[in-house]
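Residue-level structural notes
One letter stands for each residue in the lines below.
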Amino acid sequence: MAQAQPQLSNKDGALFRQVVRHFENKQYKKGLKAAEQILRKHPNHADTQAMKALIINSQGHTEEAFALAKIALNNNMKSHVCWHVYGLLYRAEKNFEEAIKAYKFALRLEPDSAPIQRDLAHLQIQMRDYEGYISSRRNMLQQKPGIRQNWTALAIAHHLAGNYEDAQNVLTTFEDTLKTKPNRNDIEHWEAVLYKNYIIAESGEVEKALDHLDAVGKKSPDVQGVLEMRADYLARLGRKSEAEAAYALLLDRNSDNSAYYDGYIDAKGLKDGPALDLKVAYEQLADKYPKADLPRRRLLDVLSGQDFTNAAEVYLQKFFQKGVPSTFANIKQLYTDSDKRGRIQSLVEGYASSKGPSQTNGISINGDQDKSHFEASVLYFLAQHYNYKLSRDLDRALDYADKLIQLDPKSVDYHSVKARAYKHKGDLVKAAEVMDYARSLDEKDRAINTKSAKYQLRADQNEKALETASMFTQNKSGGPLGDLIDMQAVWYLTEDGKSYLRQRKLGLALKRFHQVLAVFEIWQDDQFDFHNFSLRKGMIRAYVDMLRWEDRLRDHPFFSSAAISAVHAYILLFDNPDLQHGPIPLTVNGNASAELNAAERKKALKKAKREQEKMEKAEADKKAAQKAAKPTPKSEDVDAKKEDKDPFGKTLVETKEPLKDASKFLAPLLEFNHQSVEVQAAAFELYIRKRKFLLATKALLALNSLDSSYEKLPQYKQRLKEALSGKDVDEKVSQIVKLEAKDLL
């Protein structure tokens, strides 16, 4: 029941404003103390109760915060502060629908509140509710038309909703209100002008966009951006000669930009043109830009036969004499052509046998030191060449790696290439050992440290890998693993999870995959920081690009890798529920032909449970020791790291519905990465177990269209046939599957 709200005195009013200020500055203890001081005098003051709820929610006490917020609302249902706080609490819990309802109710009570309008608008753009965002931004513009950000934000809202003309009109209207012409240093204005041009071009009116750019571009401080846009428009309009000149101007500014070469060649009409014409064009570019590598490297793409051999010899000898470590990385894209691959191999093997360059191109080496340098570069190239999948000969790769190490026993690169050869041979333990030795040669190199940790994880040496990675972490209260999670080291979490999955330690594997999922959710939530910041700084085009990148976030290879592994982990758990107690081997003493009988399985289960309990006790003792050794931090609670109450993923692995949990990982994969063979295979495995035969058939058809030679495809067909032959299968489902997949089955 609503309580009569007391009127705060001037002193208490000032104290309430301090509560708000402390919350905004994340000084939660001070804010809580001030709130308690007010509530001692006025126990039912709803606004103070609401602010207290917001503070304790920020300290991690979510349930208490919601309970107190409800009490505050009961005390004063007509307080916009209480409803605003209620919305903020729901937003923190990612219940955006309820948060929007609360914000809208707060706005009914206080229509002119800028903070509530702003929070509502940010939530709407976060949810991609473009129509709602347009409405909110229009209201904010009507309240404060003198602020440029409000005009820009409304234009963005119309643009993202596909209302290109309305977006242009908003920006034009604001430009017409300007009493004085902005100078060249007004970055915000010129960014808005180029953004308007961006909208015109995106609407399909490229000619209009070009005319507008010609009118305003000369005044813009973003010279490079204007030149790039102009070259793109000319190319799209088919004005080849002008586009060629525009790209030539860009190449004069940056002769190492690959996109400029693409545009230039396309504008000359040589994209799929004769090799001879392309050769002439790239030779002209190479002469014009003698320090640029790209025209000389691209020449190798278009040449063939003896012409290719001659050009490759000049290119390789130049790089070998300079000792460029990335020479093979520059060249390996040519290996898809077997003739070019063979010619390169013959050339470099010839250098290795003669221990110096040929004299056919007039290139000579002066001095023993230069000769040794050339020899090392050649051997390093060959070690990588024979390591590469298209030219693999691992014994020769190891032989060349050993020769390199004899030349320079302290070289990190030479030991790394040797470790890579052992990895490709399948000897992961030896590979990890060699890579770790390479790391020890330069302990300040983070790249080789990362490589060493990754090799150790692939050899299932989890503790060693964590120790290696900890050399570049702060190792505070959360330990090295906590630091890696805070640093969002997705590569480590994914490799660690895959390692535990191979070891059938599903709790730890699922823990790591869920930590990767949490990182991607953080990246999604990070948009909130930019909805206001980007407008304030005037970085509009970058902001729109960021929003569109966030829309495709789940198609990132890092997410796909972790999510596919998580689906496999849940499927394994569904097939073997006993794995929730710990790793149980499939076979006896590694003998693939000898499966565990019932007694052996029972014995293995008991052993797994004991090891799990032992591991949990060791972790508990470790935490207790750390807690006793370190004093209580004096900083605010928000800065103290939250303790992980389930470090081994016990809650995750004890799920009653593993297939349902797997679907949470599979759904974004099917939405954003459905062209992946691995994703469709995982989808089939999941749906066939869930007895969703139509979805399993859809996955099977997609898999067949992507790769009809996929090794497990015949097995999947047979499993689907057997599943459909069951008595409990719906006849309609069976008929649909047979109709849709008759050619496949």
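As the structure is a prediction and not an experimental result, all values here were calculated from the model.

The next subject is the overall build of the chain. A tally of helices and strands in the chain yields 39 helices and 2 strands. Expressed along its principal axes, the backbone C-alpha trace of the chain runs to roughly 100 × 85 × 65 Å. Counting contacts in the chain only where the partners sit at least 6 residues apart, residues at least 24 apart contribute 60% of the total. Surface exposure of the chain reaches about 38900 Å², of which carbon and sulfur atoms provide 50%. Once the 115 positive and 105 negative side-chain charges of the chain are each reduced to a mean point, those two points are 4 Å apart.

Before going further, it helps to examine the packing of helix α32 (residues 557–575) against helix α36 (residues 677–689). Running from amino to carboxyl end, α32 crosses α36 at an angle of 25 degrees, the nearest separation of the two axes being 10 Å. In terms of axis orientation, α32 runs roughly parallel to α36. α36 is crossed by α32, and the crossing has left-handed handedness. Contacts between α32 and α36 involve Ile-564, Val-567, His-568, Ile-571, Phe-574 and Asp-575 from the former and Glu-678, Val-679, Ala-682, Glu-685, Leu-686 and Arg-689 from the latter.

Take the side chain of Glu-550 next. Relative to the elements of secondary structure, Glu-550 occurs in helix α31 (residues 540–551). One buried charged side chain, Glu-550, makes no salt bridge at all; its nearest oppositely charged neighbour is Arg-128, positioned 6.1 Å away. Not counting residues up to four positions away in its chain, the partners in contact with Glu-550 are Arg-128, Trp-523, Gln-524 and Gln-527.

A cluster of basic side chains, namely Lys-603, Lys-606, Lys-607, Lys-609 and Arg-610, defines a positive patch on the protein surface. Relative to the helices and strands, Arg-610 is located in helix α33 (residues 598–629).

This part is about the domain arrangement of the chain. Partitioning the chain into domains gives domain 1 (10–177), domain 2 (408–472) and domain 3 (477–532 + 555–589 + 597–618 + 647–658). Computed over C-alpha atoms, the centres of domain 1 and domain 2 are 50 Å apart.

On to the nonpolar core. The biggest cluster of nonpolar side chains holds 82 residues, and the ones touching the most others in it are Leu-316, Ile-331, Ile-344 and Phe-381. The element that contributes the greatest number of residues to this core is helix α21 (residues 368–385), accounting for 8 residues. If near-sequence neighbours (up to four positions away) are discounted, Leu-316 is found in contact with Thr-327, Ile-331, Ile-344, Leu-347, Val-348, Tyr-351 and Phe-381. Among the nonpolar cores identified, the runner-up in size contains 61 residues, and Leu-506, Val-519, Ala-566 and Leu-572 belong to it.

On to helix α28 (residues 490–502), then. With 13 residues, α28 should reach 18 Å at 1.5 Å per residue; the first-to-last C-alpha distance of 18 Å fits that figure. Across the 13 residues that make up α28, a large majority, 10, are buried. Within α28 the residues assigned to the buried category are Val-490, Tyr-492, Leu-493, Thr-494, Glu-495, Asp-496, Gly-497, Ser-499, Tyr-500 and Leu-501. The inward-facing, buried residues of α28 contact α25 (446–458), α26 (462–469), α27 (479–486), α29 (506–525) and α32. In the stretch just after α28, Arg-504 is the one whose phi turns positive, near 65 degrees.

Moving on, we get to the layout of surface pockets. Of the voids in this model, the second largest pocket is the one considered here, and its volume is about 470 Å³. Every residue lining the second largest pocket is counted, 18 residues in all, and those nearest its centre are Ile-564, Ser-565, His-568, Glu-678 and Lys-712. Of all the elements in the fold, those that place two or more residues in the lining of the second largest pocket are α28, α32, α36 and α38 (713–724). If you tally residues by element for the lining of the second largest pocket, the top one is α32, at 7 residues. Taken together, the residues of the lining of the second largest pocket break down into 8 nonpolar, 5 polar and 5 charged.

Let's shift gears to the confidence of the model for the chain. The predicted model of the chain has a mean per-residue pLDDT of 89, with 91% of residues at 70 or higher. Model confidence for the chain, summarised as mean pLDDT per element, is weakest for strand β2 (residues 591–595) at 46 and strongest for helix α24 (residues 428–440) at 97. Considering only residues more than four positions removed or in separate chains, one finds that residues 590–594, a stretch of pLDDT under 50, has 3 contacts. Predicted confidence for residues 634–640 stays below pLDDT 50, and this span has 11 contacts to residues more than four positions away or in other chains.

All right, on to the environment of Ala-469 then. If you trace the backbone, Ala-469 turns up in helix α26. Between the C-alpha atom of Ala-469 and that of Gln-27, which follows or precedes it by 442 residues, the distance is 33 Å. Excluding anything up to four places from it in sequence, Ala-469 contacts Asn-449, Leu-484 and Tyr-492.

What the rule picks out here adds up to 27 aromatic pairs. On the basis of an interplanar angle of 25 degrees and a centroid distance of 6.2 Å, the ring pair of Tyr-195 and Tyr-198 is categorised as stacked. Remark: Tyr-198 and Tyr-195 occur in helix α11 (residues 187–202); sequence separation between them is 3 residues, near one turn of the helix. A relative accessible area of 0% places Tyr-195 in the buried class. Where Phe-328 meets Tyr-335, the ring centres are 5.6 Å apart and the plane angle is 90 degrees; that geometry is what we call edge-to-face. Put simply, the rings of Phe-320, Phe-328, Tyr-335, Tyr-351, Phe-374, Phe-381 and Tyr-388 touch in pairs and so form one group of aromatic residues. Above the plane of the ring of Phe-559 lies Arg-554, whose end atom (NZ or CZ) is 5.6 Å from the centre.

For the structure shown, the criterion picks out 36 salt bridges. Between Glu-98 and Lys-101 there is a salt bridge, with the nearest N and O atoms lying 3.3 Å from each other. Separated by 3 residues within a single helix, Glu-98 and Lys-101 lie in helix α6 (residues 96–109), roughly one turn from each other. Arg-297 is the partner of Asp-301 in a salt bridge, and the nearest nitrogen-oxygen pair spans 2.9 Å. In this pair, Asp-301 and Arg-297 both sit in helix α17 (residues 294–302), 4 residues apart, roughly one turn of the helix. Classification of Asp-301 by relative accessible area gives partly exposed; the value is 43%. Counted as one network, the salt bridges with shared partners bring together Asp-575, Glu-685, Arg-689 and Arg-719.

Reading the values: rules and limits
Residues numbered from 1 in each chain as written. Predicted model: local features only at pLDDT ≥ 70, side-chain atom pairs only at ≥ 80, totals over all residues. Heavy atoms only, no water. Helix = DSSP H or I, 4+ residues; strand = E, 2+ residues; numbered from the N terminus. Contact = heavy atoms within 4.5 Å. Areas by Shrake-Rupley, 256 points an atom, 1.4 Å probe, with all protein chains shown as cover. Lys, Arg positive; Asp, Glu negative; His and termini not counted. Charge placed at Lys NZ, Arg CZ, Asp CG, Glu CD. Axes fitted to C-alpha atoms, helices over the stretch in contact; angles between N-to-C directions. Parallel < 35°, antiparallel > 145°, perpendicular 65-115°, else oblique. Left-handed = near helix turned anticlockwise from the far one by under 90°. Buried < 20%, exposed > 50% of the residue type's maximum accessible area, 1.4 Å probe, protein only. Salt bridge = Lys/Arg side-chain N within 4 Å of Asp/Glu carboxyl O. Patch = residues over 30% accessible without salt bridge, like charges linked within 9 Å, V, L, I, M, F, W, Y side chains within 5 Å. Domains from an automatic or database assignment. Core = buried A, V, L, I, M, F, W, Y, C linked by side-chain atoms within 4.5 Å. Expected span 1.5 Å × (residues − 1). 1 Å grid on protein atoms, 1.4 Å probe; cavity = no way out; pocket = protein on both sides within 12 Å on 5 of 7 lines; lining within 4 Å. Points joined across faces, edges and corners; volume = space filled by probe spheres on them. Nonpolar A, V, L, I, M, F, W, Y, C, P; charged D, E, K, R; others polar. pLDDT = per-residue confidence, 0-100. Phe/Tyr/Trp six-rings, centres within 6.5 Å; stacked < 30°, edge-to-face > 60°. Lys NZ or Arg CZ within 6 Å of the ring centre and 35° of its normal.

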